[in-house]
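Below, each chain spelled out in residue letters.
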Amino acid sequence: MSDTHETPAILALERQIAFLVRRLEANQRRRNYPLERAHYLLLLMLEEQEPQSSGTLAEQLGLDSSTVTRQINVMLRHELITRTPDPHDRRGGLLYLTDHGRQQLDQMRKLRRESARELFADWDEPSRAELARLLERLNNTIEQRVAEHFSRSRS
């Protein structure tokens, strides 16, 4: 499809999202955060609801279970999480945050919030709130699309 069939807003969104992702990746590397982004997200998810299985985490993120399993194995080695047998499924395990994992999560969250404060220092609070609302809407739309794709690919 040629660009002539797209609205100016779609063209602008596509371009701005591409640059946003690139700049966020560069900021991630520059900051030298204590946790990898994937580990931070998994720890956040465990903090919100604990325990969880690796399969549940993979499904919530719309990722292949082998991808999440690799991340979990690294997190287990770094003692960020612990695994216990699942009483309802002998083949599976349940994941919990360790005290060390909670400390690393808190440190990472503090650094990321400092970064956000710096980034949005010149924005007024209503503009920050509006962007947060729109990003939440975008994330919810993406999550829904990923879940739909995930359920179609499993059937």
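Use the structure listed above.
Nothing here was measured: the structure is a model prediction, and the numbers come from that model.

Trainee: I'd like to hear about the overall build of the protein chain, residue by residue, with values.
Mentor: The helix and strand inventory of the protein chain stands at six helices and two strands. For the protein chain, the sequential pattern of α-helices and β-strands runs α-α-α-α-β-β-α-α. Along the three orthogonal principal directions, the C-alpha set of the protein chain runs to about 55 × 40 × 25 Å. Relative to its 155 residues, the protein chain shows a buried fraction of 20%. Across the protein chain, the 24 positively charged side chains and the 24 negatively charged ones have centroids separated by 3 Å.

Trainee: A description of the packing of helix α2 (residues 37–48) against helix α3 (residues 54–61) should follow, citing residues and the corresponding values.
Mentor: Remark: α2 packs on α3, axes separated minimally by 11 Å, with the N-to-C direction vectors making an angle of 110°. Classed by the angle they form, the pair α2 and α3 counts as roughly perpendicular. Like other packed secondary-structure pairs, α2 and α3 cross with a definite hand, here right-handed. Judged by residue contacts, Leu 42, Met 45 and Leu 46 of α2 engage Leu 57, Gln 60 and Leu 61 from α3. Of the residues that constitute the contact of α2 with α3, the class distribution is five nonpolar, one polar and no charged.

Trainee: Describe unusual backbone geometry, listing the residues and the values that go with them.
Mentor: Cis geometry is adopted by the peptide bond preceding Pro 51, which originates at Glu 50 and carries an omega value of -5°. Structurally, Pro 51 is set in the loop between α2 and α3. If you check the backbone angles, Glu 79 has positive phi at about 60° while not being a glycine. Residue position: Glu 79 is located in the loop between α4 (65–77) and β1 (81–86).

The rules we used
- Here the residue index of a chain counts from 1 through its sequence in written order.
- Side-chain atom pairs in this predicted model are given and counted only at pLDDT of 80 or more, local residue features only at pLDDT of at least 70, and totals for whole chains, interfaces and linings cover all residues.
- With hydrogens and water excluded, all non-hydrogen atoms of the structure serve as input to the side-chain values.
- In DSSP terms, a helix is any run of H or I states spanning at least four residues, a strand is any run of E spanning at least two, and both are numbered starting from the N terminus.
- Only protein chains enter the accessibility calculation, which uses a 1.4 Å probe; a residue is then buried when its area is under 20% of its type maximum, exposed when over 50%, and partly exposed in between.
- Charge assignment: positive for Lys and Arg, negative for Asp and Glu; neither His nor the chain ends contribute.
- Charged groups are reduced to one reference atom each: NZ for lysine, CZ for arginine, CG for aspartic acid, CD for glutamic acid.
- Helix axes are fitted to C-alpha atoms over the stretch in contact, other axes to C-alpha atoms as well, and angles between N-to-C directions run from 0 to 180 degrees.
- Any angle from 65 to 115 degrees is called roughly perpendicular, while one under 35 is roughly parallel, one over 145 is roughly antiparallel, and all others are oblique.
- Take the far helix as the reference: if the near one is turned anticlockwise from it by less than a right angle, the crossing is left-handed, and if turned clockwise, right-handed.
- Contacts are assigned to residue pairs with any non-hydrogen atoms lying within 4.5 Å of each other.
- Following the grouping adopted for this structure description, the nonpolar residues are Ala, Val, Leu, Ile, Met, Phe, Trp, Tyr, Cys and Pro, the charged ones are Asp, Glu, Lys and Arg, and the polar ones are all others, Gly among them.

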